[in-house]
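# Topology and contacts: notes
Listed here are the chains, written in short residue letters.
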Amino acid sequence: MSVLPGPALLFCPADRPDRYAKALAAADTVILDLEDAVAPPERAAARQALLVTPVDPGRVIVRVNAVGTDDHELDLRAVRQTAYRRIMVAKTESAADLDELAEWQIVALCETARGVVRAAEIAAVPSVVALMWGAEDLVASLGGYASRYPDGRYRDIARAARAQVLFAAGAHGRAAIDAVYLDIDDLAGLAAETEDAVASGFACKACIHPGQVETVRVGFAPSPDRVAWARRVLAAGAERGVVRVDGQMVDAPLLAQAQRVLAIARRQDT
């Protein structure tokens, strides 16, 4: 399903070209950010940096500002002068937002109430290759002030949005990218959230710091026990009908899960 090198995506401010190569060395895909990571007065310099500091376009997504903003058109004008052909559209709120962007491979960032409610119609746009959700802008769009409880768990409203974006991506065969984990030092919390992401069906997870990348990669790699189980399922001939593996009934849904485990394991080995 995923057309993005993953599983670890790393945001990098576009106005810091000195970090581009370092970010690419650390992560699977780098998101060169022209939006939130760059102060508005610095965005012109960020666009110029994008032009004069080329890096591997196959492993880059450029996050552009939201449709309807002055920066959006300026961002697109700059990206058109590069070899980058994947863009992440901040605060995507409808399919109509993407009408003029068919030339790109689009990662639609559903991070407002409107964007989450319309995630399925956004995912149906042919040029969309992935959906990502975001918690902080979402909660702000609702008039709230915290996406998580003090112990780090997401509030129900954020979990509902996360699920809705994942459902929309899955229904239309798009990759789903899990949101960033803001507590850089809490690698245990990141590991738990990553495990849930891969178990639920997310293809990738975004990071805000290079120190998070390895935790995400490890979280997406199936454990040796899980890989061994998947191989036993396939060896038992589950594709021909219901079989018994380790005392458990295995039919088509568990066969599909086993095949996904092995696909992820193969991707991690390459």
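### Quick look at the overall build of the protein chain
Within the protein chain, the regular secondary structure consists of 11 helices and 10 strands. The C-alpha atoms of the protein chain give a radius of gyration of 19 Å, which matches the 18 Å a tight globule of 270 residues would have. Counting every position in the protein chain, which comprises 270 residues, the buried fraction comes to 49%. Long-range contacts, defined here as pairs at least 24 residues apart, represent 62% of the contacts in the protein chain between residues at least 6 apart. Carbon and sulfur atoms make up 54% of the accessible area of the protein chain, which totals about 12,600 Å². Across the protein chain, the centroid of the 30 positively charged side chains sits 5 Å from that of the 36 negatively charged ones.

### Here we look at the pairing of strand S7 (residues 175-178)
Residues Ala175 and Ile177 point to one face of S7 and Ala176 and Asp178 to the other, with burial holding for every one of them. One ladder, built from three bridges, connects strand S6 (residues 128-133) with S7; its direction is parallel. For leucine 131, the partnering residue across the bridge sits in S7 and is alanine 176. Bridge count between S7 and strand S8 (residues 204-207): two bridges; the pairing is parallel. Note on S8: the bridge partner recorded for aspartate 178 is lysine 205. A crossover links S7 with its parallel partner S8, the connecting element being helix H8 (residues 187-200), and its sense is right-handed.

### Observations concerning helix H9 (residues 213-220)
Every buried residue of H9 is listed here: Val213, Thr215, Val216 and Phe220. All buried residues of H9 lie within an arc of 165° about the axis, which places them on one face of the element.

### Remarks on unusual backbone geometry
The step from glycine 6 to proline 7 runs through a cis peptide bond, and the omega angle for that step is 20°. With phi around 50°, lysine 91 is a residue other than glycine that occupies positive phi space. Judged by relative accessible area, lysine 91 falls into the partly exposed class, the value being 24%.

What counts, and at which threshold
- Residues numbered from 1 in each chain as written.
- Predicted model: local features only at pLDDT ≥ 70, side-chain atom pairs only at ≥ 80, totals over all residues.
- Heavy atoms only, no water.
- Helix = DSSP H or I, 4+ residues; strand = E, 2+ residues; numbered from the N terminus.
- Rg over C-alpha atoms; globule rule 2.2 N^0.38 Å.
- Buried < 20%, exposed > 50% of the residue type's maximum accessible area, 1.4 Å probe, protein only.
- Contact = heavy atoms within 4.5 Å.
- Areas by Shrake-Rupley, 256 points an atom, 1.4 Å probe, with all protein chains shown as cover.
- Lys, Arg positive; Asp, Glu negative; His and termini not counted.
- Charge placed at Lys NZ, Arg CZ, Asp CG, Glu CD.
- Pairing = 2+ DSSP bridges.
- Right-handed = clockwise from strand over helix to strand, strands pointing away.
- Arc of directions from axis to C-beta.

The values are spatial; any link to function lies outside them.
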